[in-house]
Amino acid sequence: MKTFNVVNATSVSEAQSALAGGKATALAGGTDLISTLKSMCTPNTFETLVNLKTIPNLSYIREEGNLLKIGAMTTLTEIAKSDLVKSKYTALAEAARVVGTPELRNMGTIAGNICQLNRCWYYRGDDNLFSDCLRKRTSGGTCYALAGDNRYHSIFGGVGSCFAVTPSDIAPVLSAFGASIVTNRRTWDVKDFFAVNGEKQVAIANDEIVTEIQIPVPAAGTKSAYRKYALRKAFDFPIVGAAAVITSSGNVTAASIALGGVHNLPRLTNAGNSLVGKAIDDASAIAAGEAAVVGANAMPFTASTTAVGNKYIIQLARAMTKRAVLACK
Ligand SMILES: Cc1cc2nc3c(=O)[nH]c(=O)nc-3n(C[C@H](O)[C@H](O)[C@H](O)COP(=O)(O)OP(=O)(O)OC[C@H]3O[C@@H](n4cnc5c(N)ncnc54)[C@H](O)[C@@H]3O)c2cc1C
Ligand code: SF4
């Protein structure tokens, strides 16, 4: 493993200064970042890690005015266990509770979760074998998933010819809630925050630091849920994660449904619209599942005969959407 320096930042401005220049990167819980440095799967040349966990007052969960505010360094365990989050922002608590293992949730932060790099197995593979992956290069390159085994890749096409999916359990929940992400520079609407940006899946600059997540307090009559399909039940990344936020008064008056694991970015679907005016039942939940996959396409299946392709993800997206909707009944 390449050696690196660590700066234990004591303020956001100190961290910003330490990150300037492109030779440093932010360190939160380190559960994703350290493994990318260890495996040297990315061509980054970071010499310094800027530890954000030493900055005071970046870990909190509180409602203020019409917003739930979560400090960037709040751990997933704290979110999963918060009575406030469990009762009013259930989907967020459910998503935090199914990230990785207890150890990962104790270390992993909400900011690190939404800023984590993609898990494409070519990208994460040995840089000597897959150095042409176009996410690793500033120009040119190829996508190995097009001609290779693409069983974990996008069913909604690829941004910039990359078909890697967002691996975050938290990202689709923030999309469904219409959250904002506050940095040292600005407040991002969630739909602009997630973007393919070189190796990253977030639009922020290298010296931009997420400081807070904000979620509008849900209207009366709102329930939310997160349902995840992963291959290993003990811990694993989502093949599909479905987040539903549904407001009802008898019938559904407003609904928002987002998927993770199906595209480069969390995908806010049209499934929410299909529910408005209806009661939540099997029929409307199945219709929502169908609406969630409109536009989905399995990738060309050109790998070896042992490969399975990614068509199965379309059915899983229907099923997880249905389950998330029914959980809001
Ligand atoms: C075995 C294993 C299983 C996992 N399973 C899951 C899973 O099921 N679901 C899931 O969602 N994730 C999973 N993860 C990924 C990861 O552990 C979590 O997403 C965790 O929340 C990452 O948070 P962290 O604080 O450790 O981030 P770090 O590793 O410290 O950072 C991740 C990235 O975010 C950037 N970053 C961190 N904080 C900030 C900030 N405040 N501002 C700007 N950039 C920042 C870092 O520079 C880095 O690029 C898994 C990881 C492993 C190793
Ligand atoms: S899907 Fe993206 S990260 Fe994976 S090989 Fe293709 S370009 Fe690289």
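Computed from a predicted structure; not experimentally measured.

Trainee: Honestly, the site of ligand 2 in this entry has me stumped. Any pointers?
Mentor: Contacts to ligand 2 come from Cys120, Tyr122, Tyr123, Cys133, Leu134, Arg135, Cys143, Tyr144, His153, Cys162, Phe163 and Ala164. Mapping ligand 2 onto the cavity grids shows that it belongs to the largest cavity.

Trainee: How should the nonpolar core be read in this particular structure?
Mentor: Soluble globular proteins tend to pack their nonpolar side chains together in the buried interior. By size, the foremost hydrophobic cluster in this structure holds 51 residues, and its most contacted members are Leu92, Ile170 and Phe193. The element contributing the most residues to this core is helix 9 (residues 170-177), with six residues.

Trainee: Explain the site of ligand 1 to me, please; I cannot follow it from the model alone.
Mentor: Surrounding ligand 1, one finds 34 residues, the nearest of these being Ala26, Gly30, Thr31, Leu33 and Asp169. In this structure, Gly29 approaches ligand 1 through a main-chain N or O atom, which is 2.8 Å from an oxygen atom. Lys228 places a polar side-chain atom, nitrogen or oxygen, 3.0 Å from an oxygen atom of ligand 1. In isolation ligand 1 exposes 980 Å². Once the protein is present, 91% of that is buried. Residue assignment for the shell around ligand 1 shows that the elements contributing at least two residues are strand 2 (24-27) and helix 7 (110-115). If you tally residues by element for the shell around ligand 1, the top one is helix 7, at four residues.

Trainee: Before we go on, may I ask you to explain the sheet that holds strand 3 (residues 48-51) in this structure?
Mentor: Paired through backbone hydrogen bonds, the strands of a sheet run either parallel or antiparallel to each other. A sheet is described by the order of its strands in space; here three strands give the open sequence 1-3-2, paired in parallel fashion. Across the chains shown, the open sheet's two edge strands, defined by having one partner strand only, are strand 1 (5-8) and strand 2. Ignoring strand direction, the axes of neighbouring strands in this sheet form an average angle of 30 degrees. In this structure, strand 2 lies alongside strand 3, joined through four bridges in parallel fashion. Residue pairing across strands places Thr25 opposite Leu49, the latter belonging to strand 3. Contacts from helix 1 (residues 12-19) reach strand 1, strand 2 and strand 3, with the element oriented near 145 degrees to strand 2.

Trainee: Please explain the environment of Val98 as it appears in this structure.
Mentor: Position of Val98 among the secondary structure elements: in the loop between helix 5 (90-97) and helix 6 (102-107). A sequence separation of 136 residues divides Val98 from Ala234, and the C-alpha atoms of the two residues are 9.0 Å apart. Those residues within four positions of Val98 in sequence are excluded, and the remaining contacts are Arg105, Asp169, Tyr226, Lys228 and Asp236.

Trainee: Teacher, can you tell me more about the packing of aromatic side chains here?
Mentor: Any two aromatic rings considered together are summarised by their centre-to-centre distance and by the angle between their planes. Going through the model one piece at a time under the given rule, you end up with eight aromatic pairs. Their ring planes at 75 degrees and their centres at 6.4 Å tell us that Trp121 and Tyr122 sit as a pair that is edge-to-face. On the accessibility criterion, Tyr122 (11% relative accessible area) is buried. Ring plane angle 80 degrees and centroid distance 5.1 Å describe the contact between Phe130 and Tyr144, whose orientation is recorded as edge-to-face. Taken together, the residues span a long stretch of sequence, with Phe130 in the loop between helix 7 and helix 8 (144-147) and Tyr144 in helix 8 at a distance of 14 residues. The structure contains a cluster of three or more aromatic residues connected by ring pairs, namely Trp121, Tyr122, Phe130, Tyr144 and Tyr152.

Conventions adopted
Residues numbered from 1 in each chain as written. Chains lettered and ligands numbered in written order. Predicted model: local features only at pLDDT ≥ 70, side-chain atom pairs only at ≥ 80, totals over all residues. Heavy atoms only, no water. Near = heavy atom within 4 Å. 1 Å grid on protein atoms, 1.4 Å probe; cavity = no way out; pocket = protein on both sides within 12 Å on 5 of 7 lines; lining within 4 Å. Sits in = over half its atoms within 2 Å of the grid points. Core = buried A, V, L, I, M, F, W, Y, C linked by side-chain atoms within 4.5 Å. Buried < 20%, exposed > 50% of the residue type's maximum accessible area, 1.4 Å probe, protein only. Helix = DSSP H or I, 4+ residues; strand = E, 2+ residues; numbered from the N terminus. Polar contact = N/O pair within 3.5 Å; in protein donor to acceptor, adjacent residues only side chain to side chain. Areas by Shrake-Rupley, 256 points an atom, 1.4 Å probe, with all protein chains shown as cover. Pairing = 2+ DSSP bridges. Axes fitted to C-alpha atoms, helices over the stretch in contact; angles between N-to-C directions. Contact = heavy atoms within 4.5 Å. Phe/Tyr/Trp six-rings, centres within 6.5 Å; stacked < 30°, edge-to-face > 60°.

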